[in-house]
Amino acid sequence: MTDKKKQKVVIRLFKEKIIEKFFQANGIFSIIVLLGIFSLLLIEGWPAIKELGIAEFLFNPKWNPTSFVKESYGILSMVVSTLMVTIGAMIIAVPLGIGCAAYLSDVASRKTREIVKPIIEILAGIPSVVIGFLGIIIVGPFLAKLLHTSNGLNAINGSLLLAIMSLPTIISISEDAITSVPKVYKEVSYALGANKWQTLLKVTIPAAMSGVIASVMLGMGRAIGETMTVLMACGNAPAFPESIKSSVRPITSTIAIEMGETVQGGLHYSSLFVVAFVLFFMTFLVNLVSDIVLNKYQKVKR
Amino acid sequence: MKYNLAKIKQFLGFYLLRFCALIIIAILAFILWDIISKGMQVINWEFLTQKPRNGMTEGGIWPAIVGTFWVSVVSVVFSVPIGMFTAIYLNEYARQGRLIRIIRMAIRNLSGVPSIVYGLFGFALFTLMFNFGLSVISSGLTLGLLTLPWTITASEEALKTVPLAYREASQALGATKWQTIKTNVLPYAVPGMLTGSVLGLARAAGETAPILFTGVAFFWPILPGFPKLLTQQFMALPYHLYILATQHHEILKVRPLAYGTALVLITLIILMNSAAVWIRYRFRKKYK
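## Remarks on the overall build of chain B
Along chain B, the regular secondary structure elements total 11 helices and 2 strands. Across chain B, helices and strands are ordered from the amino to the carboxyl terminus as α-α-β-β-α-α-α-α-α-α-α-α-α. Judged by the C-alpha coordinates and their principal axes, chain B covers about 70 × 70 × 35 Å. Looking at chain B residue by residue over its 288 residues, the buried ones come to 49%. Of the contacts formed within chain B by residues at least 6 apart in sequence, a portion of 77% connects residues at least 24 apart.

## Topic: the overall build of chain A
Regarding its fold elements, chain A presents 12 helices and 2 strands. Counting from the amino terminus, helix and strand elements in chain A follow one another as α-α-β-β-α-α-α-α-α-α-α-α-α-α. A compact globule built from 302 residues should have a C-alpha radius of gyration of about 19 Å, whereas chain A, at 25 Å, is more than 25% larger. For chain A, the spread of C-alpha atoms along the principal axes amounts to about 80 × 70 × 35 Å.

## Regarding unusual backbone geometry
Even without being a glycine, H148 of chain A presents a positive backbone phi close to 55°. Residue position: H148 of chain A is located in the loop between α5 (128–147) and α6 (155–179). Classification of H148 of chain A by C-beta neighbours within 10 Å gives exposed; the count is 8. At N131 of chain B, a position not held by glycine, the phi torsion is positive, near 60°.

## What to know about the interface of chain B and chain A
Taken residue by residue, the interface counts 67 residues in chain B and 65 residues in chain A. Elements with a contribution of two residues or more to the side of chain B that touches chain A: α1 (2–39), α3 (62–93), α4 (98–112), α5 (115–129), α6 (136–160), α8 (177–206), α10 (237–247) and α11 (255–286) of chain B. With 18 residues, the single largest contributor to the side of chain B that touches chain A is α1 of chain B. Within the side of chain B that touches chain A, the residues separate by chemical class into 50 nonpolar, 11 polar and 6 charged.

## As for the packing of α5 of chain A against α6 of chain A
Residues and elements named next belong to chain A. The interhelical angle for the contact between α5 and α6, taken along N-to-C directions, is 140°, at an axis separation of 10 Å. Taken together, the axis directions place α5 and α6 in an arrangement best described as oblique. The crossing of α5 and α6 is right-handed. Residues S128, I131, G132, G135, V139, G140 and L143 of α5 form the contact with α6, whose own contacting residues are I156, N157, L160, L161, I164 and M165. Of the residues assigned to the contact of α5 with α6, the class counts are 8 nonpolar, 5 polar and no charged.

## Overview of helix α3 (residues 76–107) of chain A
Within an α-helix, residues lying three or four positions from one another point in the same direction, as the helix has 3.6 residues per turn. Helix length check: α3 of chain A (32 residues) gives 44 Å between terminal C-alpha atoms against 46 Å at 1.5 Å per residue, within 8%. Most of α3 of chain A is tucked away, with 23 of its 32 residues classed as buried.

## Quick notes on the nonpolar core
Grouped together as the largest cluster of nonpolar side chains are 182 residues, with contacts concentrated most on V130, F133 and A276 of chain A together with V117, L120, L241 and A262 of chain B. When residues no more than four places from it in sequence are discounted, the contact partners of V130 of chain A are L241, A262, L265 and I266 of chain B.

## Side note on the domain arrangement of chain A
Residues and elements named next belong to chain A. Structurally, chain A comprises domain 1 (3–52) and domain 2 (72–301). Distance between the C-alpha centres of domain 1 and domain 2: 34 Å. Tallying the contact residues gives 9 residues for domain 1 and 9 residues for domain 2. Residue composition of the side of domain 1 that touches domain 2, by class: 6 nonpolar, 1 polar and 2 charged.

## Some words on the environment of L200 of chain A
Locating L200 of chain A in the fold gives a position in helix α8 (residues 196–207). For the pair L200 of chain A and A102 of chain A, spaced 98 residues apart in sequence, the C-alpha to C-alpha distance is 8.0 Å.

## A short note on the environment of V74 of chain B
Residues and elements named next belong to chain B. Counting through the fold element by element, V74 comes out in helix α3. Residue class for V74 comes out buried when judged on the 22 C-beta atoms lying within 10 Å of it. Separated by 59 residues in sequence, V74 and G133 have C-alpha atoms that sit 15 Å apart.

Cut-offs used in this document
- Residues numbered from 1 in each chain as written.
- Chains lettered and ligands numbered in written order.
- Predicted model: local features only at pLDDT ≥ 70, side-chain atom pairs only at ≥ 80, totals over all residues.
- Helix = DSSP H or I, 4+ residues; strand = E, 2+ residues; numbered from the N terminus.
- Buried ≥ 20, exposed ≤ 12 C-beta atoms within 10 Å, placed from the backbone.
- Contact = placed C-beta atoms within 7 Å.
- Rg over C-alpha atoms; globule rule 2.2 N^0.38 Å.
- Nonpolar A, V, L, I, M, F, W, Y, C, P; charged D, E, K, R; others polar.
- Axes fitted to C-alpha atoms, helices over the stretch in contact; angles between N-to-C directions.
- Parallel < 35°, antiparallel > 145°, perpendicular 65-115°, else oblique.
- Left-handed = near helix turned anticlockwise from the far one by under 90°.
- Expected span 1.5 Å × (residues − 1).
- Core = buried A, V, L, I, M, F, W, Y, C linked by C-beta atoms within 7 Å.
- Domains from an automatic or database assignment.

See below:
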């Protein structure tokens, strides 16, 4: 090889290396964003933790940062509100979602499946603000009549709407899990004389269990983090929730309502970042669990 | 006898599952029917092209449509290139290893971060720290971060549909990695990547929480030209709907307008989603 040719090859390889590094840098960007969110929440929340102490956030029963007498910063009431609304949503969405997923994968004909799946995708695309709007106008008055309360803006309303919002996630991931159960499992069951229903209940769904659990966790993560629906439909009373009929103010609503009124750098501003950090941490945990479960399931499948 | 019992159970069981699916379809049908039937009553040329008047009790939603358009465009311009490049790295260059695992974990976690947290992050970073203020840019970038995991996943799906043989053929002829990607992978994957960006656009258009503190305005009928507009506050369809539904002083009077806004918003989103599905469908048919 002549020197000139050699030089050309070296340049070529150098160029390749740079191009690879460029794509790699874009990949690393995602890590930077995640770390950035994590650290910015901590940095902005730190003044409040330093001044008030973690105990104030965790154990004070009241959240009232704008009180003239004595400000209190207890996040307990909103954490309970968030959990209450989320658990309510899961009670509705989990059986419905898994039922629908099982229907799509094992009962429905191919043609039905091709019609129903896009319908569920449309449902997934409806913005949360539209769902919240219908929660105020349709679910609210309906619940008010049913429960004999002055208005229907309460935890039940939020749960119903969040159930609708988390259904598409639960259905699509459960369906994937149920569909990917090896055919042999079912055939063995049929060979033993079980019918389709028995096979579905005793073989297919248990075999897909980890995927189904992961889908529920992801749906739950979505419900915990959902802002506009709960902000519009839950009534927003900042007190500790007494029952599922009471008006509640979950974590996300609190941030949405109060951030606009704070002074930048003030204690209230900073404390809202602490609240956001708690929310971030909750969804992080839920996603982590779903990740672990899903990993296990992929290993079993191999 | 036992055989029959099993058969009855199966019959009932399947009906139960079918019923689950029916409920979900009924919910969607009800949502669409309610919004379309009530929204249609206020939709006319004036509603789509005029500014709101008389404390938003009359007039149209033009500034909100324009605002939603521009924040979505900014978000896509920001997130799609990064999403595509990340997908190329993950699917073409990366070998299994620690860095890849961490990148994938970060992407999965980002897709689970609540939208309101993105809102706070965007507010602290773009609005305050970078001093972009309350503007289309701040909001668009925040939405871009939110849609990034989706664009990455969609782009990767697109790359995965390109057969391995295309790459091997090119490399067998002595082409380098980048030459292979440029000539034998990207041309086939771009339509699929486009699908991802359209889906990202639809998602960005419907989000409210991330723009709450980063630039959306209650009432902002001023519409300057293109570059100037990016540094100003704006109105957006989802936020306009939120205001009309909860914050307006004459809430019953503006309810039809709220329905109209909701109809325009979901029509836009369903159109974009259908376009994405259509592109994907065409694309799959072509390379199968």
